[in-house]
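# A closer look at the structure
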Amino acid sequence: MSAYRRAGMLAASAAAVLAFVAGCGSSGSSAGGSPAASTAPAPSTTAPATTPPSSSAAALKVATSGTLGQIVTDSSGHTLYRFDHDSASPPTSSCTGSCAATWQAAPAPGGQPTATGVSGQVGTLTRSDGTRQLTLNGWPLYRFSGDGAPGDTKGQGVAGIWWAVTPSGARAGSGGAASSPGSPTMPSSPATPTMPSTPAPSSPGTSSGGGGYNY
């Protein structure tokens with residue numbers, strides 16, 4: 001083999017060795033350098049949403065009416081009424097059918113009903129249709145469909161049997177019968193005037209006593 005050919009083979013072998021060493025060095029550098037980026041998600045910096053403590057609005061509240069004084073309302077401020085044809089002991093509602101469409105039963109919450117400011121006992125009853133209705137001192141409570149907004153008391157005294165209810169469960173206002181809305185109220189007949197009696201004349205020289213006439 002010629003010297004030139006032998007020198008060429010040695011040069012090629014040396015180049016191959018250098019290439020291998022360089023490859024190993026590169027690989028080692030990669031392995032010993034900065035570690036690969038982690039694929040795990042970065043922790044969130046947003047605070048977890050907090051769940052507010054559960055709180056149910058009061059089923060019954062007390063409001064002050066300019067004409068009726070203190071009355072009971074539902075949690076949205078609508079006036080609640082009681083019906084004279086109902087029973088408080090045991091609590092029984094006799095308002096069904098078309099009556100229940102006009103006088104809507106105050107619905108009872110799923111749990112124990114709550115109240116703010118009332119002095120009567122708050123309870124519930126189960127109606128004939130299976131729904132639960134709020135009661136106050138045994139009296140079933142209703143909303144009047146004619147009340148358009150919180151604070152209205154248009155159901156007071158309707159037919160002389162429907163009344164806004166007080167915090168103790170009694171009838172609000174005077175408790176007397178009142179005409180239905182839109183019906184004229186007949187004035188009462190004036191009492192017949194009483195004619196003053198004429199005092200008997202006193203004897204001359206005497207007094208009638210107590211402010212009578214003196215002659």
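All residue numbers refer to positions counted from 1 along the written sequence of the respective chain. Restriction of local features to residues with pLDDT of at least 70 applies here, the model being predicted, together with a cutoff of 80 or more for giving and counting side-chain atom pairs; totals for whole chains, interfaces and linings are based on all residues. With hydrogens and water set aside, each side-chain value is computed from the structure's full complement of heavy atoms.

## Some points on the overall build of the protein
Basically, it comes down to this: Under the DSSP-based scheme used, a helix requires at least four consecutive residues in state H or I and a strand at least two consecutive residues in state E, with every element numbered from the N terminus. The contact rule is simple, with two residues in contact once any of their heavy atoms fall within 4.5 Å.
A tally of helices and strands in the protein yields two helices and eleven strands. Walking the protein from its N terminus toward its C terminus, one meets helices and strands in the order α-β-β-β-β-β-α-β-β-β-β-β-β. Taking the intrachain contacts of the protein between residues at least 6 apart in sequence as the baseline, contacts between residues at least 24 apart amount to 57%.

## A few points about the sheet that holds strand β8 (residues 132–136)
Rule in force here: Here a strand pair is declared whenever DSSP counts at least two bridges between the two strands.
Spatially, three strands are ordered β7-β8-β9 in an open sheet, and the strand pairing comes out antiparallel. Among the strands making up the open sheet, the edge pair consists of β7 (122–126) and β9 (139–140). In terms of strand pairing, β7 meets β8 through five bridges, oriented antiparallel. Following the sheet pairing, Gly 123 is matched in β8 by Thr 135.

## What about the pairing of strand β2 (residues 69–73)?
Relative to β2, strand β1 (residues 61–65) runs antiparallel, the two being bridged by five bridges. In the strand pairing of β2, Ser 65 is matched with Gly 69. The hairpin turn running from β1 into β2, its antiparallel successor, is three residues long.

## A short note on the state of the cysteines
Rules: A pair of cysteine sulfur atoms is labelled a disulfide when the two atoms are within 2.5 Å. Under the scheme applied here, a residue whose accessible area is under 20% of the maximum for its type counts as buried, over 50% as exposed, and between as partly exposed, the area being computed with a 1.4 Å probe on protein chains only.
Counting across every chain of the model gives one disulfide. Disulfide partner of Cys 95: Cys 99, at an S-S distance of 2.0 Å. Across the S-S bond of Cys 95 and Cys 99 the torsion is about -110°, and the bridge reads as left-handed. Given a relative accessible area of 0%, Cys 95 falls into the buried group.

## Here we look at the pattern of salt bridges
Spelled out, the test is: Salt bridges are counted wherever a side-chain nitrogen of Lys or Arg sits within 4 Å of a carboxyl oxygen of Asp or Glu.
Enumeration according to the criterion identifies two salt bridges in this entry. Residue Asp 84 pairs with Arg 171 through a salt bridge whose shortest N-O separation is 2.9 Å. One end of the pair, Asp 84, is in the loop between β3 (81–83) and β4 (87–88); the other, Arg 171, is in the segment after β11 (162–164), with 87 residues separating them in the sequence. On the basis of relative accessible area, Asp 84 is assigned to the partly exposed category, the value being 25%. For Arg 171, a relative accessible area of 32% translates into the label partly exposed.

## As for the packing of aromatic side chains
The cut-off we apply is this: Each aromatic pair joins two rings of Phe, Tyr and Trp (for Trp, the six-membered one) with centres within 6.5 Å, and gets the label stacked for planes under 30 degrees apart, edge-to-face for over 60, and tilted for any other angle.
On inspection of all chains with the given rule, the structure shows six aromatic pairs. Centre to centre, the rings of Tyr 81 and Trp 103 are 5.5 Å apart; their planes meet at 80°, and the pair counts as edge-to-face. Taken together, the positions of Tyr 81 in strand β3 and Trp 103 in strand β6 (residues 103–105) put the pair 22 residues apart, joining distant regions of the chain. Taken as a pair, Tyr 81 and Trp 103 share a single burial class, namely buried. Here the aromatic residues Tyr 81, Phe 83, Trp 103, Tyr 142, Phe 144 and Trp 162 are joined through ring pairs into a cluster of three or more.

## Here's the deal with the environment of Asp 129
To keep things clear, this is the line we draw: Pairs of N or O atoms within 3.5 Å make up the polar contacts considered here, provided that, within protein, one atom can donate a hydrogen while the other can accept it, and that residues adjacent in sequence are counted only when both atoms are side-chain atoms.
Relative to the assigned elements, Asp 129 resides in the loop between β7 and β8. Judged by its relative accessible area of 54%, Asp 129 falls in the exposed class. C-alpha separation for the pair Asp 129 and Thr 96, spaced 33 residues apart in sequence, amounts to 9.1 Å. Separated by 2.7 Å, the side chains of Asp 129 and Thr 131 make a polar contact.

## Overview of the nonpolar core
Where we set the bar: For our purposes a nonpolar core is just a set of buried Ala, Val, Leu, Ile, Met, Phe, Trp, Tyr and Cys residues, chained together by side-chain atoms within 4.5 Å.
In terms of nonpolar packing, the biggest core is built from 13 residues, with Tyr 81, Phe 83, Cys 95, Trp 103, Tyr 142, Trp 162 and Ala 164 touching the most fellow members. Once residues lying within four places of it in the same chain are set aside, the contact partners of Trp 103 are Tyr 81, Cys 95, Tyr 142, Arg 143, Phe 144, Gly 155, Val 158 and Trp 162. Core analysis: the second largest hydrophobic core is formed by twelve residues, Ala 59, Val 118, Val 122 and Val 165 among them.

## Comments concerning the confidence of the model for the protein
If pLDDT is low for a region, its predicted coordinates should not be looked at in detail. Let me state the cut-off plainly: Looking at any residue, its pLDDT shows the predictor's confidence there, from 0 to 100.
For the protein, per-residue confidence averages 72 on the pLDDT scale, and residues scoring 70 or more make up 54% of the total. Counted against residues more than four places away or in other chains, residues 198–215, with its pLDDT under 50, gives ten contacts.

## Details of the side chain of His 78
Relative to the helices and strands, His 78 resides in the loop between β2 and β3. Apart from the residues within four sequence positions on either side, His 78 is in contact with Val 72, Thr 73, Arg 143, Ala 149 and Pro 150.

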